[in-house]
Amino acid sequence: MNPVTRPVWWNVPAWLEAALYAGTALGLLAAAWGLAGHLRAWRQAHPRPAGAPVCGPGALLRVAREVLGERRLLEDAGAGRAHLLLVHGFLVLFLGTCLVFVHDRLVPFLVGRVYLAFSFTLEWAGLAFLAGAAWLLWRRAGARVPRLERDPAALAVLLLLVAIGLTGFLVEGTRIAATDPPFERWSFVGWALARGVLAAGLPAAPLHRGLWGLHAALSCLLLAVAGWTGLRHLALAPLQLLLRGQHRPGALAPAPGGPGTATLAQLTRAQVLDAATCVRCGRCTAVCPATAAGQPLDPRRVVQATLRALRERRALETLVAPEAAWACTTCAACVHACPLGIETLDKLVDVRRVWVERGEVGPAATAALEALRDRGSPFGGPAARRLEWAEGLDVRVLRPGEATDVLYWVGCAGAFDPHGRAITRAVARLLRAAGVDFAVLGARETCTGDPARRLGEEGLFQEAAARVAATLASVRYRRLLTHCAHCAHVLRHEYPDRDGRPAPVHHAALLAELVAAGRLAPRRAAGSRVTLHDPCYLARHDGETQPARAVLRALPGVLAVEMPRSGRATGCCGAGGGNLWAEPREGPRIASFRMAEARATGAGVVATACPFCAVMLDGETGRGDVAVRDVAELLWDSQPASGPGEGGPDRVPAAPSG
Amino acid sequence: MHAVVLLHEGLDPAVDVEPVEPAGARHRGGPDVVVLGAPDRAALECALALATRVTALTVAPPGTRALAHALARGVARAIRVWDRALDAADVTVLARVVAAACGALAADVVLAGHRGLAGGSGALPGLVAARLGWPCLDDAGSLARERAALVAGRRLPGGHQEEAAVDLPAVVGVTAEAAAPRYVSVTALRRAERRGHETWDLAALGLDPAEAGAWPRARVERVDWPRPRARRTARPVSAGSAADRMRALMGGGRAATAPPETGSAASRVVDVSPGEAAERVIAFLRARGLLG
């Protein structure tokens, strides 16, 4: 009677066994050769973030969770499940192959019930692997999922995977047919195939030997192409996830070697790794608001252009059209959609930096940058007019050396834009109603530099940031408050040295806190059906999605309804990345898509929590069927003491000049 | 061709000019409200586009940023002429100095922004040309080179347009429409500031400073500052795009007055076929007597 185990090299002649080892070595060598180019580029690129710890137990655990749990991949259910089956099937099969090696060369432990359980498990793993590969192949070749390109290399790799899965089962089936041990019923797929081989009267042993050779050859081929195709993400994805974990998507940093992308020293290691790891799945392109609006930006092509730039030693700006670079709203939808966290916007900002240095900037962006440089605000307003919003409110202006509990950073939109001013007035009134000790900087406030950095004007950002940092250092405060999501983001993440000063709190968070503490008590109805537009820089970049909802929930008579894209998956309004000033004039507006989504909810009010979003969405209220209101405006409207019209966009008499 | 471009920093038109104290600073807001005017920037761009060698020239006390801007844009030399005798100089005095400098620089063409370097007077190009004995072509809204001549397009009152040519050497005054200004990055500006510019006094131009102080000139006796005007903050323009709103706001932070939301003057965006759009435009113009 046959022992309950598998003869590992059954029917495999010594020369074929040697060929397998040689093929494996060659395959590994080829894969390493393919990867070596990327790793060489990675080593020559700039290490950033400098000084940050590369990894720790927490980071490794997070990466393991990402790789095994595939949370982001599962956001697209079809692709996610197929990939999950493929990866987990492959991992179990790989582990099984390692165990077979141990059994064969070290400790023969795969016998008896252990072997049966082992075989049974591997059958399921093989099925999962084959099903996952076939599903992915079907999505790319048969179902024609729009975001997937007809990429011959990707198709070939998937075909190879399917072939390896099929030949693996056929090898097992012919082996069982030839040896026919009754315990191999546990290898249920192989057993069924063996019955077929026997029924067809096929010569099982010769067939097994041929299929074994084919299976081995295909496996070696897979190894060989792994370093040269999208399969290299098998090796690079964990590294990518590990290094990206240190970096907040959308938070920009100075170009390491000055403006330009011509040399590797001007690219960061993260950017090199991004390019090498991308599998061109197109999730980034599928969610890009600029792509949806028909603008010439395709995030996937930007990442691929980076790879091409590295291979051909060309500057990235020669491969990315200026129109594509300027179309990006830096909303980071692409980064969050990418299962590997690959960034596109940092590469586009690098390209912008080159154009800025060459003076190739559109007239609207030029006007905004020059206004920021000359008058301290991209909105063009001089310092003397910064406090016009406060007319009649008797707001305290903090002077150097003075202290306050809450320092209200009004921002340029809050100081100069009509709707922004109304939001600022609502926030100031609410703070007063809640008894908060607050003050503003008035004419001493200047732009944080956010638009400059995102438009690629790094030098101007550095000067603006230094100016703001000095202003903030000249006063004392316990909390820094801002109602601008862009100011909040840049002050939190891009001002390298806050010198112990607290990070800014967004007004939605403070207002929710005041409502929860009972210091603000909404009494009056402030609208009926309201939908919240999450600002990208608040929800996606900073993960703050709940405070604004908490404020809305507290409003009497308000029914909050969600848009299909909400929370961290919010839809962009089109203002970010300097597009508030330099929005492309051709084609449909990004804001019109977002407003259509809001209208579809049946809401009469679109609530938001960023003045940039308010400006963009205001421009889409032409039919008058929907109003755009900041959560602060809605909360002020609901205050018992406020009179009619006081909380909304109002007419503010200007401060007397001189 | 060697071009000398005359540059001048003036008050930012988007910022209100207001006295801080009767005999003190000229305007509130400090130096931030001084900028290189659009016509001067157009003249600089024209010079860079047309000439093989460009020298930027200004007549100003220390502290001007105009020359750093020019250096950052790529001029070969930047020269600031100043002497105490030039304080409160009028256009005739400036013309003498500029003519002397251009003679010393052996310029083939002198380009000046319309109403740039003479504090609002448009007479400088003509006066410089007269002193040099060169022809003058002023108000150029476009400029092109044709062999040894420059050809300019000019808009005249009443909607007329003309093309004028001038043989070199010549003095040319350009308007802001002559060339789109290019952005100059802060990094390039700081680099240019570090590079520095040349400073010439009157003696370097062969002029006697003592004599220059006695040159006849017009004097400004008094300045009446604009009265404070009441302004209104408008409701957001619901029918306008964000870009239009930003353009309105960029005019110095004055909130745009909202157009009427209803009625014949309302701003409207209509999405119709080209044919229907043309009919609507014709009807609009007919209704206003602009089309027979």
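Relevant structure appears above.
Here, residues in each chain are numbered from 1, in the same order as that chain's written sequence. Each chain gets a letter, beginning with A, and each ligand a number, beginning with 1, in the order they are written. With the structure being a predicted model, the display of local features is reserved for residues of pLDDT at least 70 and the display and counting of side-chain atom pairs for 80 or more, all residues being used for whole-chain, interface and lining totals. Hydrogen atoms and water are omitted, and side-chain values are computed over all heavy atoms in the structure.

Draft legend 1. Up close: the overall build of chain A. For helices the rule is a DSSP run of H or I covering at least 4 residues; for strands it is a run of E covering at least 2, with both sets numbered from the N terminus onward. When you go through chain A residue by residue, the secondary structure sums to 28 helices and eight strands. Projected onto its principal axes, the C-alpha coordinates of chain A cover approximately 105 × 55 × 45 Å. Going through the 658 residues of chain A one by one, you find that 59% of them count as buried. By the convention used here, residues are in contact when the closest approach between their heavy atoms is within 4.5 Å. For chain A, the share of sequence-separated contacts (at least 6 apart) that also reach a separation of at least 24 residues comes to 77%. Exposed residues in this analysis have more than 50% of their type's maximum accessible area, buried residues have under 20%, and partly exposed residues fall in between, with area computed by a 1.4 Å probe over protein chains only.

Draft legend 2. Just the overall build of chain B, in detail. For chain B, the count of helices and strands is eight helices and twelve strands. The 292 residues of chain B split such that 44% are buried. Relative to all contacts within chain B whose residues are 6 or more apart in sequence, the contacts with residues 24 or more apart total 68%. What sets the accessible areas is the Shrake-Rupley method with a 1.4 Å probe; for residues, cover comes only from the shown protein chains. Carbon together with sulfur atoms contributes 53% to the accessible area of chain B, which is approximately 15100 Å² in total.

Draft legend 3. Representation of the pattern of salt bridges in the model. Salt bridge criterion: a side-chain nitrogen from Lys or Arg within 4 Å of a carboxyl oxygen from Asp or Glu. Under the criterion given, the structure shown has 51 salt bridges over all chains. As a salt-bridge pair, R353(A) and E458(A) come within 2.9 Å of each other at their nearest N and O atoms. Placement of the pair is R353(A) in helix α15 (residues 345-357) and E458(A) in helix α20 (residues 458-473), with a sequence separation of 105 residues. Using a relative accessible area of 12% as the deciding quantity, one classes E458(A) as buried. As a salt-bridge pair, R65(B) and E9(B) come within 3.7 Å of each other at their nearest N and O atoms. One end of the pair, R65(B), is in the loop between β4 (53-59) and α2 (66-73); the other, E9(B), is in strand β2 (residues 9-11), with 56 residues separating them in the sequence. Classification of R65(B) as partly exposed rests on a relative accessible area of 32%.

Draft legend 4. Fine view of the sheet that holds strand β2 (residues 438-440) of chain A. Residue and element names in this part refer to chain A. Strand order across the open sheet formed by four strands is β2-β1-β3-β4, with parallel pairing between neighbours. Two strands in the sheet have a free side with no partner beyond their single neighbour: β2 and β4 (504-506). The sheet shows a mean angle of 35° between the axes of neighbouring strands, direction not considered. In this analysis, axes come from line fits to C-alpha atoms, helices being fitted only over the stretch in contact, and the angle between any two N-to-C directions falls in the range 0 to 180 degrees. Taken strand by strand, helix α21 (residues 485-493) contacts β1 (403-409), β3 (476-482) and β4, and its axis lies near 150° from that of β4. Across the face of the sheet, helix α22 (residues 507-516) comes into contact with β3 and β4 while running at roughly 70° to β4. Pairing between two strands is assigned when DSSP locates at least 2 bridges connecting them.

Draft legend 5. Structural context of the packing of helix α1 (residues 14-44) of chain A against helix α9 (residues 269-277) of chain A. All names here are of chain A. For the pair α1 and α9, interaxial distance at closest approach is 8 Å and the crossing angle is 160°. Viewed along their axes, α1 and α9 adopt a mutual orientation that is roughly antiparallel. As for how α1 packs across α9, the hand of that crossing is right-handed. Judged by residue contacts, H38, A41, W42 and R43 of α1 engage R269, V272, L273 and A276 from α9. We call Asp, Glu, Lys and Arg charged. Ala, Val, Leu, Ile, Met, Phe, Trp, Tyr, Cys and Pro are nonpolar, and the rest, Gly among them, are polar. A per-class count over the contact of α1 with α9 returns five nonpolar, one polar and two charged. The labels follow the angle: roughly parallel below 35 degrees, roughly antiparallel above 145, roughly perpendicular from 65 to 115, and oblique for the rest. For any pair of crossing helices, the crossing counts as left-handed if the nearer helix is rotated counterclockwise from the farther one by less than a right angle, and right-handed if it is rotated clockwise.

Draft legend 6. Broad picture of the environment of G58(A). By secondary structure assignment, the location of G58(A) is in helix α2 (residues 57-69). Sequence spacing of G58(A) and V157(A) is 99 residues, and the spatial spacing of their C-alpha atoms is 33 Å.

Draft legend 7. Structural context of the sheet that holds strand β9 (residues 149-155) of chain B. Residues and elements named next belong to chain B. Strand order in the open sheet formed by three strands is β8-β9-β10, with antiparallel pairing between adjacent strands. For this open sheet the edge positions go to β8 (142-146) and β10 (161-167), each flanked by a neighbour on one side alone. Neighbour to neighbour, the strand axes of the sheet diverge by 25° on average, direction disregarded.

Draft legend 8. Focus on the pairing of β8(B). Residues and elements named next belong to chain B. Where β8 lies against β9, five bridges are found, and the strand directions are antiparallel. Its bridge partner being in β9, A144 is matched across the sheet by V151. Taken together, β8 and the strand that follows it, β9, pair antiparallel across an intervening segment of two residues, in which R147 is found at a positive phi of about 50°.

Draft legend 9. Up close: the packing of aromatic side chains. All names here are of chain A. Between 30 and 60 degrees the pair is tilted, below 30 it is stacked and above 60 it is edge-to-face, where a pair is any two Phe, Tyr or Trp rings, Trp via its six-membered ring, whose centres lie within 6.5 Å. Throughout the structure, instances matching the rule amount to 15 aromatic pairs over all chains. Each ring, one from F90 and one from F94, has its centre 6.2 Å from the other, and the planes form 15°; the classification is stacked. Placement of the pair is F90 and F94 together in helix α3 (residues 77-105), with a separation of four residues, close to one helical turn. A residue is classified by how much of its surface remains accessible, and F90, at 33% relative accessible area, is partly exposed. Between W389 and Y408, the aromatic rings sit 6.4 Å apart at their centres with planes inclined by 70°, giving edge-to-face as the arrangement. Residue W389 is found in the loop between α16 (363-375) and β1, and its partner Y408 is found in strand β1; the two are separated by 19 residues along the sequence.

Draft legend 10. Local environment of the packing of α2(B) against helix α5 (residues 186-195) of chain B. All names here are of chain B. Taken N-terminus to C-terminus, the directions of α2 and α5 make an angle of 110°; their axes are 8 Å apart at the nearest point. In terms of axis orientation, α2 runs roughly perpendicular to α5. Where α2 crosses over α5, the handedness of that crossing is right-handed. Note on element contacts: α5 touches α2 through A188, L189, A192, E193 and R195, opposite A68, H69, L71 and A72. Its residues assigned to classes, the contact of α2 with α5 shows six nonpolar, one polar and two charged.

Draft legend 11. Looking closely at the side chain of D298(A). Residues and elements named next belong to chain A. Along the chain, D298 falls in the loop between α11 (289-292) and α12 (299-312). For D298, a relative accessible area of 17% translates into the label buried. Residues contacting D298, with those up to four places away along its chain left out, are T285 and T291.

Draft legend 12. Representation of a nonpolar patch on the surface in the model. Residues and elements named next belong to chain A. Patches draw on residues past 30% relative accessible area with no salt bridge. Two like charges within 9 Å are joined, as are two nonpolar side chains (Val, Leu, Ile, Met, Phe, Trp, Tyr) within 5 Å. Residues L68, F90, L91 and F94 make up a contiguous nonpolar surface patch of roughly 350 Å² in combined accessible area. Among the elements that take part in the nonpolar patch, α3 stands out by supplying three residues, more than any other. Structurally, L68 is set in helix α2.

Draft legend 13. Looking closely at the environment of L218(A). Residue position: L218(A) is located in helix α7 (residues 204-226). In contact with L218(A), not counting residues within four places along its chain, are L160(A), A163(A), I164(A) and T167(A).

Draft legend 14. Structural view of the side chain of H506(A). Residue and element names in this part refer to chain A. Note on placement: H506 falls in strand β4. Given the relative accessible area of 0%, H506 is considered buried. Polar side-chain contacts of H506 include one of 2.9 Å to the backbone oxygen of A609. With residues near it in sequence (within four places) discarded, H506 still touches L481, T482, H483, C484, A485, R492, L538, E544 and A609. Contacts described as polar in this section are N or O atom pairs within 3.5 Å, which, within protein, must combine one atom able to donate a hydrogen with one able to accept it, while residues neighboring in sequence count only if both atoms come from side chains.

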